[in-house]
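Each chain is listed here by its residues.
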Amino acid sequence: MVEMTVESVRINLATQQRVVILKALRQERYLFIWIAHAEAYAIAIELQGASSPRPLTHDLLKNVITELGAKIISVVISDLIDDIFYARIILDADGRHVEIDARPSDAIALAIRAKAPIYVEESVLERAGVTPETSEEQSLPKTPPKKEPEPDNLEAYRDFINSLDVLDEFGKD
């Protein structure tokens, strides 16, 4: 598993779609997960250090877990099936290991509130992760790969991500 951090939450102004961008802690690898408005707001507000007058759903869940004597150990983006990401929330409930199925957006919103690490299975990163090319890599002569790579267009993908606005002022659209 690869430990990740939330790099940003962004919005495509043309389509109003939101994406959470996870970045590997020890390398230049990224994972982009499209999420709903409510979860984007919940993640962005916590990243900004802001709070709402009343607990949001993820605050409530964190409070319930804590009051029941459990601790959020980590969250894991565990699978990618038919373009749908799957996640698990890992809890310690009085010494008992508990894994709860969750949407990645909910798991991420909960993890940042609990200051718990976020992990992504290597197999998920192999299928959906992005590793940007450095200018040095781009100038080196290309050697043919040993196996046929999946077609990708990282430059178009990079242009698309750069066209998204960071949700620094989330909710002011």
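Residues numbered from 1 in each chain as written. Predicted model: local features only at pLDDT ≥ 70, side-chain atom pairs only at ≥ 80, totals over all residues. Heavy atoms only, no water.

1. Focus: helix α2 (residues 57-67)
(1) Moving on: Along α2, the residues classified as buried are His58, Asp59 and Ile65. Down the axis of α2, the buried set is contained in an arc of 130 degrees. They therefore lie on one face. In α2, the exposed positions that point more than 90 degrees away from the buried face belong to Thr57 and Glu67.
(2) Moving on: At its buried positions, α2 is contacted by α1 (37-47), β4 (70-81), β5 (84-93) and α3 (104-114).
(3) Moving on: The positive-phi residue at the C-terminal boundary of α2 is Gly69, with phi of around 85 degrees. (Buried < 20%, exposed > 50% of the residue type's maximum accessible area, 1.4 Å probe, protein only. Helix = DSSP H or I, 4+ residues; strand = E, 2+ residues; numbered from the N terminus. Arc of directions from axis to C-beta. Contact = heavy atoms within 4.5 Å.)

2. Brief notes about the environment of Ser78
(1) Moving on: Secondary-structure assignment places Ser78 in strand β4.
(2) Moving on: For the pair Ser78 and Val124, spaced 46 residues apart in the sequence, the C-alpha separation amounts to 7.1 Å.
(3) Moving on: Setting aside its immediate chain neighbours within four residues, Ser78 contacts Tyr86, Ala87, Arg88, Glu121 and Val124.

3. Here we look at the pattern of salt bridges
(1) Moving on: Inspection of every chain in the model, using the stated rule, returns eight salt bridges.
(2) Moving on: Here Lys23 makes a salt bridge to Glu28, at a shortest N to O gap of 3.4 Å.
(3) Moving on: The partly exposed category is assigned to Glu28, whose relative accessible area is 42%.
(4) Moving on: One connected set of salt bridges, linked through shared partners, spans Glu39, Arg103 and Asp106. (Salt bridge = Lys/Arg side-chain N within 4 Å of Asp/Glu carboxyl O.)

4. As for the pairing of β4
(1) Moving on: Here β4 pairs with β5 via 10 bridges, running antiparallel. Among the inter-strand pairings, Ala70 is bridged to a residue of β5, identified as Ala93.
(2) Moving on: The antiparallel pairing of β4 with β5 creates a hairpin that spans two residues between the two strands, and Asp82 there sits at a positive phi of about 50 degrees.
(3) Moving on: Pairing between β4 and strand β7 (residues 118-120): three bridges, direction parallel. In the strand pairing of β7, Val76 is matched with Tyr119. (Pairing = 2+ DSSP bridges.)

5. Section: the confidence of the model for the protein
(1) Moving on: Residue-level pLDDT values for the protein average 85, and 77% of them are 70 or greater.
(2) Moving on: Mean pLDDT values for the elements of the protein range from 52 in helix α5 (residues 135-139) up to 98 in β7.
(3) Moving on: Every residue in residues 138-151 is under pLDDT 50, and counting partners more than four places away or in other chains gives four contacts. (pLDDT = per-residue confidence, 0-100.)

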